[in-house]
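Descriptive structure summary
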Amino acid sequence: MAWSNYQRTLAILQIVTGSFNTLSVKYADRQVVLGEDEQLRHFNHPFMQSLFMFFGEALCFLAFKIFYYYYNRRGDGSVDNNVLIKGTRVFNPFILLVPALCDMFATSIMYIGLNMTYASSFQMLRGSVIIFTGMLSIGFLNRKLGVREWIGIGFVMTGLAFVGVSDILTLENSDISANSVITGDLLIIFAQVITAVQMVVEEKYVGQQDIPALQAIGWEGIFGFIGISIAIIPLNYITAPPPFADNSRGTLEATVEALTQIGSNSKLLIAVIGIAFSIAFFNFAGISVTKEMSATTRMILDSVRTIVIWVFSLGFQWQVFHYMQLIGFVILLIGMACYNNIVIPQLIRKYRCHLGRHTLPENEDHIINTAADDVQETT
């Protein structure tokens, strides 16, 4: 079935904005700016970056309200048919609180990890969410995983191992600490446990609700923004060593310093604005792709986003190419394809059918001849 223009637009929007979001976060991490102590430091403020991300998501709620009142005032029934606002608009928003809090913790941890490792590895390692989602779905959704799912999980684990090894091997000609990269990779994988909890909760309690994408993202953004704003207060007083903290206060977060650095550096300001708006469009496109097409399509497009980020990182020399990462990425793709029943299982079934036809010709002839004799007897 051919995609409509709207579906093609959603697919392109997901790839472009998703890639731009990860690259914006990494670009901000790479900026060297003066701190409050007049020392040049990297912009290491993952919790502030999470705050800007949730601010961008919260803007989706404002966009939803604007579209709703516009189409409602037209009085032609378009308020119930427009793809941006159709669905169950009246619901208890607190069903989105737990997913929002999971998103808050997972995103903050991932941004800490991204500051320590490569952008492409960050995107590939996020594929480990399949492992934890599968495990949690067994316990909380009473789902039984078939052979295909277990094979997919096995491939994903193997691919992750290759990606991790490639990260270490690419450090030979780099001034980045191996411990920093390994820690960053492990933090990203750990964050996927929380993301898996979010996905299971959404499937169990939110999946049956036909909530408009803009409205759902908006509420999660509001809850996440409030949550991270409260969490940042104690984080300004908790000391931490590098690479977890690189600010004049030596704490996990330094809000005033972060705002000062953003205000004094135009490149950093552009990156922060990119984080806020790209995540809003990306989440809207992702949820819309799931509703308009399928979660499988969303996963495929997310894999394309990984390729874009990887090519960009190599092109701008943010990292060095290593063949082990390519092998790991291919194995990851195979694993995700198996788990989500895409292409690979179908090819295996076709091959088995093709092999069966060529290995059993005598049986087929016997069946055909027997059938012919039966026809003659009945006539």
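Residues numbered from 1 in each chain as written. Predicted model: local features only at pLDDT ≥ 70, side-chain atom pairs only at ≥ 80, totals over all residues. Heavy atoms only, no water.

As a further point, take the overall build of the protein chain. Along the backbone of the protein chain there are 14 helices and two strands. Sorting the 379 residues of the protein chain into buried and exposed places 47% on the buried side. (Helix = DSSP H or I, 4+ residues; strand = E, 2+ residues; numbered from the N terminus. Buried < 20%, exposed > 50% of the residue type's maximum accessible area, 1.4 Å probe, protein only.)

Take the nonpolar core next. Counting residues in each nonpolar core, the largest one holds 56 residues, and the members touching the most others are Val 156 and Leu 332. Residue contributions to this core peak at nine residues, all from helix 3 (residues 97–116). Ignoring any residue separated from it by four or fewer positions in sequence, one finds Leu 332 in contact with Met 124, Val 156, Gly 159, Leu 160 and Val 163. (Core = buried A, V, L, I, M, F, W, Y, C linked by side-chain atoms within 4.5 Å. Contact = heavy atoms within 4.5 Å.)

Another aspect to go through is unusual backbone geometry. Backbone geometry places Glu 38, a non-glycine residue, at a positive phi of 65°. Here Glu 38 shows up in the loop between strand 1 (32–34) and strand 2 (40–42). Look at Glu 38 and you get exposed, because its relative accessible area is 57%.

Okay, the packing of aromatic side chains next. Enumeration according to the criterion identifies eleven aromatic pairs in this entry. Ring geometry for Phe 55 versus Phe 225: centroids 6.2 Å apart, planes at 50°, classification tilted. Here Phe 55 is found in helix 2 (residues 46–74), whereas its partner Phe 225 is found in helix 8 (residues 213–235), with 170 residues between them in sequence. Between Phe 64 and Tyr 68, the ring centres sit 6.3 Å apart and the planes meet at 20°, which makes this aromatic pair stacked. Of this pair, Phe 64 and Tyr 68 both sit in helix 2, four residues apart, which is roughly one turn of that helix. Here Phe 64 falls in the buried class, since its relative accessible area comes to 2%. Grouped by ring-pair contacts, the aromatic residues Phe 61, Phe 94, Trp 219 and Phe 223 constitute a single cluster. (Phe/Tyr/Trp six-rings, centres within 6.5 Å; stacked < 30°, edge-to-face > 60°.)

Within this structure, the stated rule accounts for six salt bridges. One salt bridge connects Asp 80 with Arg 89, and the closest N-O pair in it is separated by 2.9 Å. For Glu 149, the salt bridge goes to Arg 148, with nearest N and O atoms at 3.1 Å. Using a relative accessible area of 27% as the deciding quantity, one classes Arg 148 as partly exposed. Beyond isolated ion pairs, a larger network of salt bridges with shared partners links Asp 37, Arg 41 and Asp 246. (Salt bridge = Lys/Arg side-chain N within 4 Å of Asp/Glu carboxyl O.)

What follows deals with the confidence of the model for the protein chain. Put simply, the protein chain has an average pLDDT of 84, and 90% of its residues get 70 or more. Mean pLDDT across the elements of the protein chain bottoms out in helix 14 (residues 361–378) (44) and peaks in helix 8 (93). (pLDDT = per-residue confidence, 0-100.)

Mapped onto the fold, Gln 198 is located in helix 7 (residues 178–206). In this view, Gln 198 contacts Pro 99, Cys 102, Asp 103 and Glu 220; residues no more than four positions away in its chain are not counted.

A few words now on a nonpolar patch on the surface. Side chains of Phe 321, Tyr 323, Leu 326, Ile 327 and Val 330 sit close together on the surface and give an oily, nonpolar patch of about 450 Å² of accessible area. With respect to the helices, strands and loops of the structure, Ile 327 is situated in helix 12 (residues 323–339). A relative accessible area of 34% places Ile 327 in the partly exposed class. (Patch = residues over 30% accessible without salt bridge, like charges linked within 9 Å, V, L, I, M, F, W, Y side chains within 5 Å. Areas by Shrake-Rupley, 256 points an atom, 1.4 Å probe, with all protein chains shown as cover.)

Mapped onto the elements of the fold, Ala 58 is located in helix 2. Spatially, the C-alpha atom of Ala 58 lies 9.3 Å from that of Leu 214, the residues being 156 residues apart in sequence. Apart from the residues lying within four places of it in its own chain, the contact partners of Ala 58 are Gly 218, Gly 221 and Ile 222.

Remark: helix 1 (residues 5–30) packs on helix 3, axes separated minimally by 9 Å, with the N-to-C direction vectors making an angle of 60°. Considered as vectors, helix 1 and helix 3 are oriented oblique to each other. In this structure, the crossing between helix 1 and helix 3 has a hand that is right-handed. Contact with helix 1, carried on its side by Asn 21, Thr 22, Val 25, Lys 26 and Asp 29, involves Tyr 111, Leu 114 and Asn 115 of helix 3 and no other residues of that element. Here the residues of the contact of helix 1 with helix 3 are counted per class, giving three nonpolar, three polar and two charged. (Axes fitted to C-alpha atoms, helices over the stretch in contact; angles between N-to-C directions. Parallel < 35°, antiparallel > 145°, perpendicular 65-115°, else oblique. Left-handed = near helix turned anticlockwise from the far one by under 90°. Nonpolar A, V, L, I, M, F, W, Y, C, P; charged D, E, K, R; others polar.)

Note that Leu 97 resides in helix 3. Spatially, the C-alpha atom of Leu 97 lies 6.3 Å from that of Phe 223, the residues being 126 residues apart in sequence.

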